[in-house]
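Below are the chains, spelled out letter by letter.
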Amino acid sequence: MESLRELIQKTVEFGKSNSILVVGPRGSGKSELIQSVLSDIQDPFLCVRLNGFIHTDDRLALKSIIRQLKFSESGSFNSFSECLSFVLLTLKSGSQETMPIVFVLEEFDLFAQHSNQKLLYNLFDIAQSEQTPIVVIGATSRIDCLELLEKRVKSRFSHRTIHLYPMQPEDTDDDHIKNLLQVNNDKRYIELWKDNQAFDQHFQADRLELVDALSVLQLMLLIATKDVLQRQLEVFNFEMIYDTYREFCRRTANMGRGSALLFVKPVVFKAFEQMVEAGFYKYCTGISAQCPKEYRMVKSILTRQDIAHSINKYRHPCPENILKW
């Protein structure tokens, strides 16, 4: 919350444009967090809200931007290019002293599916310039959202990301917090607090909820992790997971079912890093911390049983041979 407030404050107070992505499953409080931070900002600014379910193409999004910013009373344009040119010219004609604008894009991943991603490209492009100060805040439930962006769009994004986790039910929320915070003279509680493994168990349920937001590639890495854990290995690295994943893809291709499942190694490693950021893995300390990231030892937060249970509840389209892996 503080990082988001600080970023918006820099735009509003000092005219420093920027962009950020808030990622979390539905119901984790993404919209509430953004609204809470915006409500705390005292300096004047303009706010434009767009939603991927409502603004299904860039034309509708641009018309909404014009209406919310009151750029034109008539709002009559003969073509999409005229509308886009008008908005860009208006935004680019400003300076760092211009009234700052906060763009909130709900269901950000749906905007990434618009033709040529023109809206995202131009918003991020302005956010990199010294023109009208803007901050672009995207909210999405897709953990692999950045992979949907075209290279030219991704290069203009700041790559700042905030991950949120599922909230506890309201009726157990108070008890859950009290159990986490209460420490008395009983040595059992002190040992529990110091024990990292026990502390991680409080958050295993959150990771299980996040499995449903994984891409098919990341789901395959999770299944490969289960295979590695079956070898009674408590710690492992990306190379070990990748070898298991690649072997499965080769077997599948030999059977004539899904040769397209094998991605190039940099893409697979990027998907793995996103899972580390989301908390599925935790880097180990020690000698391996000095190694390249591909060889650094990690520990899985989820057990084999947790992974098997979560895969059975995966609700998105997925090849049957992967689910049976």
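Attention here is on the structure that accompanies the text.

### Things to note about the overall build of the protein
Then, number 1: Within the protein, the regular secondary structure consists of 16 helices and 7 strands.
Then, number 2: The proportion of buried residues among the 325 residues of the protein is 46%.
Then, number 3: Considering only contacts within the protein whose residues lie at least 6 apart along the sequence, 73% involve residues at least 24 apart.
Then, number 4: A total accessible area of about 17600 Å² is found for the protein, and carbon and sulfur atoms account for 51% of it.

### Re the environment of A127
Then, number 1: Checked against the element boundaries, A127 lands in helix α6 (residues 118-127).
Then, number 2: When the C-alpha atoms of A127 and K16 are compared, they prove to be 8.3 Å apart, with 111 residues separating the residues in sequence.
Then, number 3: Residues within four places of A127 in sequence aside, it is in contact with S17, N18 and I134.

### A look at the pairing of strand β1 (residues 18-23)
Then, number 1: Counting buried residues along β1, 6 of its 6 residues qualify, which places the element largely inside the surrounding structure.
Then, number 2: With burial as the criterion, each face of β1 is covered, one bearing N18, I20 and V22 and the other bearing S19, L21 and V23.
Then, number 3: Looking at chain direction, β1 and strand β4 (residues 134-140) are connected through 6 bridges and run parallel. Residue pairing in the sheet places N18 in a bridge with V135 of β4.

### Focus on the packing of helix α12 (residues 216-229) against helix α13 (residues 238-254)
Then, number 1: Between α12 and α13, whose axes approach to 9 Å, the crossing angle comes to 110°. Comparing their axes, α13 and α12 come out roughly perpendicular. On α13, the residues that touch L217, M220, L221, A224, T225, D227 and V228 of α12 are M240, I241, T244, Y245, F248 and C249.
Then, number 2: Taken together, the residues of the contact of α12 with α13 break down into 10 nonpolar, 2 polar and 1 charged.

### Some words on the sheet that holds β4
Then, number 1: Judged by pairing direction, the sheet is parallel, and its 5 strands sit side by side in the order β2-β3-β4-β1-β5 without closing on themselves. One side of each edge strand has no neighbouring strand; the edge strands of this open sheet are β2 (46-51) and β5 (161-163). Geometrically, the sheet is characterised by an average inter-axis angle of 15° between neighbouring strands, direction not taken into account.
Then, number 2: Relative to strand β3 (residues 101-106), β2 runs parallel, the two being bridged by 6 bridges.

### Overview of empty space enclosed by the protein
Then, number 1: Inspection of every chain in the model, using the stated rule, returns 1 cavity of 30 Å³ or more.
Then, number 2: Surrounding the largest cavity, L62, I65, L84, V87, L88, L91, L119, N122 and L123 form its lining.
Then, number 3: Every element with two or more residues in the lining of the largest cavity is listed here: α3 (58-69), α4 (80-92) and α6.
Then, number 4: If one sorts the elements of the lining of the largest cavity by residue count, α4 sits on top with 4 residues.

### Some details on the side chain of N18
Then, number 1: Checked against the element boundaries, N18 lands in strand β1.
Then, number 2: A polar side-chain atom of N18 sits 2.7 Å from a polar atom in the side chain of R160.
Then, number 3: Contact partners of N18, with chain neighbours within four places excluded, come to L7, T11, A127, I134, V135, V136, S158 and R160.

### Brief notes about the packing of aromatic side chains
Then, number 1: Enumeration according to the criterion identifies 9 aromatic pairs in this entry.
Then, number 2: Taking 6.3 Å as the distance between ring centres and 85° as the angle between the ring planes, the aromatic pair formed by F236 and Y281 counts as edge-to-face. Taken as a pair, F236 in the loop between α12 and α13 and Y281 in strand β6 (residues 281-283) lie far apart in primary sequence, 45 residues in all. Each member of the pair, F236 as well as Y281, is classed as buried.

### Brief notes about the pattern of salt bridges
Then, number 1: One pass over the full model with this rule turns up 11 salt bridges.
Then, number 2: Note that R5 is salt-bridged to E2, the shortest N-O span being 2.8 Å. With R5 and E2 both in helix α1 (residues 2-14) and 3 residues apart, this pair spans about one turn of that helix.
Then, number 3: Notably, a salt bridge pairs D40 with R5, separated by 2.9 Å at the nearest N-O pair. Here D40, found in helix α2 (residues 30-40), pairs with R5, found in helix α1; they are 35 residues apart in sequence, far enough to count as distant.
Then, number 4: The exposure class of D40 is partly exposed, given its relative accessible area of 38%.
Then, number 5: Looking at R5, the relative accessible area reads 18%, which means it is buried.

The rules behind the values
- Residues numbered from 1 in each chain as written.
- Predicted model: local features only at pLDDT ≥ 70, side-chain atom pairs only at ≥ 80, totals over all residues.
- Heavy atoms only, no water.
- Helix = DSSP H or I, 4+ residues; strand = E, 2+ residues; numbered from the N terminus.
- Buried < 20%, exposed > 50% of the residue type's maximum accessible area, 1.4 Å probe, protein only.
- Contact = heavy atoms within 4.5 Å.
- Areas by Shrake-Rupley, 256 points an atom, 1.4 Å probe, with all protein chains shown as cover.
- Pairing = 2+ DSSP bridges.
- Axes fitted to C-alpha atoms, helices over the stretch in contact; angles between N-to-C directions.
- Parallel < 35°, antiparallel > 145°, perpendicular 65-115°, else oblique.
- Nonpolar A, V, L, I, M, F, W, Y, C, P; charged D, E, K, R; others polar.
- 1 Å grid on protein atoms, 1.4 Å probe; cavity = no way out; pocket = protein on both sides within 12 Å on 5 of 7 lines; lining within 4 Å.
- Points joined across faces, edges and corners; volume = space filled by probe spheres on them.
- Polar contact = N/O pair within 3.5 Å; in protein donor to acceptor, adjacent residues only side chain to side chain.
- Phe/Tyr/Trp six-rings, centres within 6.5 Å; stacked < 30°, edge-to-face > 60°.
- Salt bridge = Lys/Arg side-chain N within 4 Å of Asp/Glu carboxyl O.

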